[in-house]
Amino acid sequence: MSKVVVVYHSGYGHTQRMAQSVAEGANAELIAIDADGNLPEGGWEALAAADAIIMGSPTYMGSVSWQFKKFADASSKPWFSQQWKDKIAAGFTNSAGMNGDKLSTLHYLFTLAMQHGMIWVSQGLMPSNTKAAQRNDVNYLVSYSGAIAQSPSDASANEMLPGDLETARQFGERVAAIAARFTKA
Ligand SMILES: Cc1cc2nc3c(=O)[nH]c(=O)nc-3n(C[C@H](O)[C@H](O)[C@H](O)COP(=O)(O)O)c2cc1C
């Protein structure tokens, strides 16, 4: 069985809920980047042992949070020995706006994965974009590059929409299925 790790930062809990849904779908280990931008003990080792790494950050000012960026810069250490090369990679983000420049964040995560020589997995879900579309449909926000969610700026993490969380769960499932194809039995 392949090992999937979800590594994420969340300032106020919304992206954490999304990360939990992704991890549920992928049957993955969750690793939280803390408020100082550091991993818990054993975090780097878990990433080194993973077949797939799914990275998540809230969108802050059109990109990842500084805590996630600190983690990304610290990943230059495994980069030196090409530790993550040929691992499966994927990304997700959450922000207050329906758009809010979330794609910039996904592009940043993609670029980080490419720097590491990883293999990027797309969202892979059909868009819900017809006149009949409902806010709680899967992939209502219509992303192709990774999973996205939207939390109004005055909504608590408990109010994350079930459609966005289900989108995240199905995304995790997809990444795990792709990782399994790449993992030797
Ligand atoms: C410093 C900061 C910058 C933000 N920038 C954006 C932004 O560029 N686009 C957006 O849609 N929302 C933005 N937001 C709103 C957050 O993305 C939103 O509140 C999100 O749910 C926070 O996720 P978290 O609870 O995981 O930290 C910003 C929030 C903060 C605190």
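Residues numbered from 1 in each chain as written. Predicted model: local features only at pLDDT ≥ 70, side-chain atom pairs only at ≥ 80, totals over all residues. Heavy atoms only, no water.

A. Spotlight on helix H6 (residues 162-182). The first and last C-alpha atoms of H6 sit 31 Å apart over 21 residues, in line with the 30 Å expected at 1.5 Å per residue. Among the residues making up H6, those that are buried are Gly163, Asp164, Leu165, Thr167, Ala168, Phe171, Gly172, Val175, Ala176, Ile178 and Ala179. Along its buried surface, H6 packs onto strand S1 (4-9), helix H1 (14-26), strand S3 (52-58), strand S4 (88-95) and strand S6 (147-150). (Helix = DSSP H or I, 4+ residues; strand = E, 2+ residues; numbered from the N terminus. Expected span 1.5 Å × (residues − 1). Buried < 20%, exposed > 50% of the residue type's maximum accessible area, 1.4 Å probe, protein only. Contact = heavy atoms within 4.5 Å.)

B. A look at the packing of aromatic side chains. This structure, assessed with the given rule, holds six aromatic pairs. Between tryptophan 44 and phenylalanine 71, the ring centres sit 5.3 Å apart and the planes meet at 20 degrees, which makes this aromatic pair stacked. Taken together, the residues span a long stretch of sequence, with tryptophan 44 in helix H2 (residues 43-49) and phenylalanine 71 in helix H3 (residues 66-74) at a distance of 27 residues. Accessibility expressed as a relative area gives 1% for phenylalanine 71, which makes it buried. With a centroid separation of 5.2 Å and 70 degrees between ring planes, the pair formed by tryptophan 79 and phenylalanine 80 is classed as edge-to-face. The partly exposed category is assigned to tryptophan 79, whose relative accessible area is 35%. According to the relative accessible area criterion, phenylalanine 80 is exposed, its value standing at 67%. These aromatic residues form a ring-pair network of at least three members: Trp44, Phe68, Phe71 and Trp84. (Phe/Tyr/Trp six-rings, centres within 6.5 Å; stacked < 30°, edge-to-face > 60°.)

C. Here's a closer look at the pattern of salt bridges. On inspection of all chains with the given rule, the structure shows five salt bridges. Among the ionic pairs, lysine 3 bridges to glutamate 29, the shortest N-O distance being 2.7 Å. Here lysine 3, found in the segment before S1, pairs with glutamate 29, found in strand S2 (residues 29-33); they are 26 residues apart in sequence, far enough to count as distant. With relative accessibility at 34%, the residue glutamate 29 sits in the partly exposed group. (Salt bridge = Lys/Arg side-chain N within 4 Å of Asp/Glu carboxyl O.)

D. Representation of the side chain of histidine 116. With respect to the helices, strands and loops of the structure, histidine 116 is situated in the loop between helix H5 (102-115) and strand S5 (119-120). For histidine 116, a relative accessible area of 3% gives the class buried. Polar side-chain contacts of histidine 116 include one of 2.8 Å to the side chain of serine 75. Not counting residues up to four positions away in its chain, the partners in contact with histidine 116 are Ser75, Trp79, Trp84 and Lys85. (Polar contact = N/O pair within 3.5 Å; in protein donor to acceptor, adjacent residues only side chain to side chain.)

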